[in-house]
Every structure is written in C-alpha cells, then in structure tokens.
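# Fold and geometry: a report
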Amino acid sequence: MLRATFTNEPSADFSDPAVRDAMQAALAKVGKELGREFPLIIGGERRETGNWIVSTNPGNTDQVVGKVAKASKDDALDAIAAAQDAFKEWRKLSMVGRASVLLRMAAIVRRKRFELAAWMVYELDKPWDEAEGEVAEAVDFLEWYAAHAVKLTERAELAHLPNEATDYFYQPIGVGIVIPPWNFPCAILTGMTMGPIAVGNTVVIKPATNTPVIGYKMVEIMLEAGVPGGVVNFVAGSGSEIGDLLVEDPRVRFVGFTGSKDVGVHIFEKAAKVQKGQRWLKRVTAEMGGKDAIIVDSSADIDAAVEGIVTSAFGFSGQKCSACSRVLVHEDVYDQVVDGVVVRTKAVVSVGSGLEGEASMGAVVDKNQYDSINKYIDIGKKEAKLVYQGDVPDAKGYYVPPTIFADAPRSARIACEEIFGPVLTIVKVGSFDEAIEVANDSEYGLTGSVYSGNRANLERAREEFEVGNLYLNRKSTGAMMGVHPFAGVKLSGTNSKAGGPDYLLNFVEAKAVGEKL
Ligand code: NDP
C-alpha cells in the first residue's frame, strides 16, 4: 500500500489554458463560499464561541474570507484534554495504519489542489503558482512522512551479548501543540501536524490569526482522511491570549513552532520551565526567521546570479523565510550585478491582485507588516542608495513595491534585520573572505546561496557558511521536501529539518530493552 519510493508532487503548469481554466473555476467556486463561519474543532465536536476572528483578503481589505470562532482559555484547555484522551488509543495503532491515513489525506489534497490554492489566493493574496505549489508541498510532506513513519518501525542494529537479547525501538511521546505561521498556512501546518500524528502523537493546532480559514480547511481534510477527532484539534485564537497557556500546560509533551524569532525564543523559554505536575521535559522544535544572504563571487556566472537573486528576493513578496534579503557582491562584479538585478526586477516583477493571476507579487499579509516594511524602506533611504522601486496598483490592499537598496554598509539595519517583505539590500565586499564573514555576522542562519565559478570558494562555503540550507549556484528559495530537508541554525531555529530523514525523531522516544536469555 505504501509507495516504496518518494517523488515530489509536480506543480501545475499555468501556461496551459486548461490549467488556468481549472484555477479560474476554483476561484469562482471558493468566491461563492466567502464570508462563512467556521467553528473550532475539539475532540471531533464543532464548537462556536460567540467571538470571531475575521479573516480578510489583504489584497482587497473589504473582502471577508471567513469568520473563524475564536477560542477562549477554557476552549484551549478542553482541546488539550481531548488530545490527551485520544492519545491512549491512537498511540496503539500500527505505524502502517497511521501512515495510510496520511496517504489518504495526500490523495484528497491532490484532488482539491486548485480549491485549496484558491483559498490561499483569497486569504493571503498569494500568486496562483505559489499557492498551488504550496498545496503540492503539502502532498509531499504527507507522503514523505508516511513513508518515513513506516521506516521507523525497522529495528536498529545493536551489538549483541551472548546471553542477552536486545531491542531498540521508537514510541510516540504524547500531546503536542502546533503553532504554524501564516506564510505557508497549508503546507507547513500540514507537515507540522501530520508528522507527529503519523508516529502516534496527538495534536492541538493553533493556526496563525491571519490565516485561520485555510487552517480550518486542512483540519477538515485531516478528519475526512480518517484522523480521529481528538487526535487533531483546532483552536483558532490569538497567540498572545492563549499561546502561553497552551505551551505551559503540564499535559503537553512537545511544542512545534514556526514563526518569528522573538515568539520562538519566548516559547522556548516558556516550555523549558517544568510546571507543577509535569513529568517530563518538553521538546520544542522552533523554526524561526532569517536574514538570508546570496554571495556573488568575482568568478560567478552573473546572469545566473541575477536570475537567482530576483527570484529569491521577490517571490511571494519576499514573505518566505528563505527569501534572499541581502546580497553580498564582490567589488569586481558589483556594478554589473546591481545593474543586472535592477534591470531584471523591472522586467519580471510586477505587483497586482493575486486573484487576477497575472502579477508576480500580491499584497503583503496585513497592516502591521505593511507598516513595518514601509518603515524599513524609510530607514533604508537614510542608510543606503535606493536604486529601484516598482509600482503598486491603485487598490484597497497592502501593496508594497519591489524595492532595491545598494551601497549599504554591512552594519545597516536593512542589511541585518529581518524585514519579511519585498526589500533587497546589496552590500559591496572586497573579497570572498569578507563575503563569508559578513554573511556569518548575523544571529540568523537559515538559507544562503553562493554563486561562484571557483571550486575552492564553493567548498569553503560548504564548510563555513553558517546556514541550515546552503545552495551553490542556485537560488535560496524553493526547498523541496525530501530533496532539501529544511531548517536553520543559530537563532533561525532548532534545526528540526522538515521533510528530512530525521524529522520524525523529534516526536518519538527510543526505548532499549535487554532480556537475559
Ligand atoms: P509570528 O511569530 O508572529 O507567529 C507565528 C505563530 O505564533 C502564529 O500562530 C502566532 O499567533 C503565534 N504566537 C504569537 N505569539 C505567541 C505566543 N506568545 N505563544 C504562542 N504562540 C504565539 O510569525 P509570523 O506568523 O509572522 O511568520 C513569519 C515569521 O516566520 C518570519 O520570521 C519567518 O522567517 C518565519 N518562518 C520561518 C520558517 C522556517 O522554517 N524557519 C518558515 C516560515 C516562516 P497569532 O497569529 O495569533 O499571533
């Protein structure tokens, strides 16, 4: 029943008119469903709370995508109780039995790919290809974790004693809290939830407040695929209101978080404290922000570097944790790279409503992000040279133009702080040594790329560039599950490596048994 080998789900080709028609039809269908109310899901029961999180389209702020019930503290506690109860049975199911639920979910997600993508177009103003690509990634997470959960049942080889039989195997650990970000509300939420569930744990999901509707849709599919109520629970609510309560609860065994550094560090600290009645140390996987750099060496293929920089910087409006936000260019090729990046950005980056499916960038997620990015653009105008700023549509949405600063000092705020928008900072360096030093002079270590024709420099980067995901002569975005296991180092995270061979080990504990013969 389980696939012996894993292959990445191909993305749809939107240059094919039939594919565009399918996406238009999905947008029309979802368009008729906008504005509906969605409950919490606790122990399989739908629950309304009288309070709502209203999710709007950032590209058209008058458009309500949906209203999702907002959890109180009691709802959050009930969800943990439901997960604790469900753990008793779910942990006993065979790994193959649980993995088959993930495969069923993958099949449903695949069938609903355009519809799910359409929800993200409305809820995030995500461009069509990015939204559909994310759905394909959710399929990858499910199939990869299904296969790897089954692999975990293989007994490890141990040394033997002549008169003792030994055994070593993995068991699930318990109730987890899953706190995903808004930027990949389908794929990351799915992976963070279904990985732990595959190996026998139960989960309470608190979706990001900006994207609760797509979160709800994914949980509905989990239930449809056969995840029992209680094994997955859905409590939308504000992180600042119910986050600490969920993380600190002594019944919780692990916390999975993906989001900003500040919140991740806060959660890490809270989870570290052993609460009254707690009988374990909590595990935390916290995958956080980045200030991802692309290095362009003097020997680089400049056209390839320019293409990689522009794609990495402006895809999904720079709202990917892997987005390139600083470029460190050797002085010998500096002017060529700056000119090339500006020319290419003008040619290929356009801003407009995700709904129309034409522009390469939509709006940014909300007013806070819009204000914060614009604040950084103002700071950048004082710190560096503005070499390009594109246009934005005249629409009621949070549209920020692609913006490029050059000649930035390495210590400039725009060269050091995560902006999480379509703002690119270019820094000139005198040597490859200096490029590596500047790249590493950061609290973050998520992704990085090096464009170079010099093998020795590429090998130096392999060893010395302090990132969790390093790319040589290719862009810094577009990690594929199973191909580029993804997670950062330093203050970019706990290095849990989503979509990698070791990810599921974060959610099991190993037991060694020795039996005297
Ligand atoms: P946030 O840290 O703002 O939010 C992430 C999640 O944490 C949300 O669900 C949020 O809820 C919740 N939260 C907020 N406060 C608390 C709290 N006190 N306790 C528990 N949960 C809380 O990040 P964003 O959603 O803005 O995501 C963008 C960030 O995510 C960027 O920094 C980006 O680099 C990073 N990211 C990292 C990835 C990686 O793999 N390393 C992948 C994708 C994104 P609420 O929405 O209600 O505030």
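Above this text you will find the structure in question.
Residues numbered from 1 in each chain as written. Predicted model: local features only at pLDDT ≥ 70, side-chain atom pairs only at ≥ 80, totals over all residues. Heavy atoms only, no water.

### A look at the sheet that holds strand S16 (residues 423–429)
Spatially, seven strands are ordered S14-S15-S16-S13-S12-S18-S19 in an open sheet, and the strand pairing comes out mixed. Each having just a single partner strand, strand S14 (385–389) and strand S19 (469–472) make up the two edges of the open sheet. If you compare each strand with its neighbour and ignore which way they point, the axes differ by 20° on average. Both S14 and strand S15 (residues 403–406) contribute to a ladder of four bridges, which runs antiparallel. (Pairing = 2+ DSSP bridges. Helix = DSSP H or I, 4+ residues; strand = E, 2+ residues; numbered from the N terminus. Axes fitted to C-alpha atoms, helices over the stretch in contact; angles between N-to-C directions.)

### Digging into the site of the ligand
Every one of the 30 residues lining the ligand counts as a neighbour, but Thr209, Gly239, Ser260, Met288 and Glu418 are closest to it. Contacts to the ligand include Trp182, whose side-chain N or O atom sits 2.8 Å from an oxygen atom. Measuring from an oxygen atom of the ligand, one finds a backbone N or O atom of Gly239 at 2.8 Å. Isolated, the ligand exposes 910 Å² of accessible area, and the fraction of that covered by the protein chains is 86%. Secondary-structure elements contributing two or more residues to the shell around the ligand are helix H8 (239–248), strand S10 (252–258) and helix H9 (261–272). (Near = heavy atom within 4 Å. Polar contact = N/O pair within 3.5 Å; in protein donor to acceptor, adjacent residues only side chain to side chain. Areas by Shrake-Rupley, 256 points an atom, 1.4 Å probe, with all protein chains shown as cover.)

### A few points about the packing of helix H3 (residues 95–111) against helix H7 (residues 212–225)
For the pair H3 and H7, the least separation of the axes is 8 Å and the interaxial angle reads 125°. Classified by the interaxial angle, the pair formed by H3 and H7 is oblique. Seen along the crossing, H3 lies across H7 with a hand that is right-handed. In this structure, H3 uses Val101, Arg104, Met105, Ile108 and Val109 to contact H7, whose residues at the interface are Met218, Ile221, Met222, Glu224 and Ala225. Along the lines of polarity and charge, the residues of the contact of H3 with H7 split into eight nonpolar, no polar and two charged. (Parallel < 35°, antiparallel > 145°, perpendicular 65-115°, else oblique. Left-handed = near helix turned anticlockwise from the far one by under 90°. Contact = heavy atoms within 4.5 Å. Nonpolar A, V, L, I, M, F, W, Y, C, P; charged D, E, K, R; others polar.)

### Things to note about H9
Since there are 3.6 residues in each turn of an α-helix, residues three or four apart along the chain are aligned in direction. Along its 12 residues, H9 runs 16 Å from first to last C-alpha, staying within 8% of the 16 Å computed at 1.5 Å per residue. Its buried side turned inward, H9 meets strand S7 (175–179), H8, S10, strand S11 (283–287) and strand S17 (444–445). (Expected span 1.5 Å × (residues − 1).)

### Re the sheet that holds strand S4 (residues 52–57)
Paired through their backbone hydrogen bonds, the strands of a sheet run either parallel or antiparallel. Sheet architecture is open: three strands sit in the order S1-S5-S4, paired in mixed fashion. Because the sheet does not close on itself, it has two edges, and the strands there are strand S1 (36–38) and S4. Neighbour-to-neighbour, the strand axes of this sheet turn through a mean angle of 35°, independent of strand direction. Judged from the six bridges that link them, S4 and strand S5 (residues 60–69) form a sheet pairing that is antiparallel. When the sheet's bridge partners are listed, Trp52 is paired in S5 with Ala69.

### Examining the packing of helix H14 (residues 432–440) against helix H15 (residues 455–464)
Two packed helices can be described by the angle between their axes and the distance between those axes. In the contact formed by H14 and H15, the axes pass within 11 Å of each other and the chain directions differ by 20°. By the angle between their directions, the pair H14 and H15 is classed as roughly parallel. The hand of the H14/H15 crossing is right-handed. Residues Phe432, Asp433, Ile436 and Asn440 of H14 form the contact with H15, whose own contacting residues are Asn457, Arg460, Ala461 and Glu464. Partitioned by chemical class, the residues of the contact of H14 with H15 number three nonpolar, two polar and three charged.

### So, the packing of aromatic side chains
Inspection of the entire model under this criterion finds 14 aromatic pairs. With centroids separated by 5.7 Å and ring planes inclined at 75°, the aromatic side chains of Trp182 and Phe420 adopt a geometry described as edge-to-face. Here Trp182 is found in the loop between S7 and helix H6 (187–198), whereas its partner Phe420 is found in the loop between helix H13 (413–416) and S16, with 238 residues between them in sequence. Neither residue differs from the other here; Trp182 and Phe420 are each classed as buried. Ring centres 6.5 Å apart and planes at 65° place the aromatic pair Phe184 and Phe316 in the edge-to-face group. Of this pair, Phe184 sits in the loop between S7 and H6 while Phe316 sits in the loop between helix H10 (302–314) and strand S13 (324–330), placing them 132 residues apart in sequence. The structure contains a cluster of three or more aromatic residues connected by ring pairs, namely Phe141, Tyr145, Phe254, Tyr503 and Phe507. (Phe/Tyr/Trp six-rings, centres within 6.5 Å; stacked < 30°, edge-to-face > 60°. Buried < 20%, exposed > 50% of the residue type's maximum accessible area, 1.4 Å probe, protein only.)

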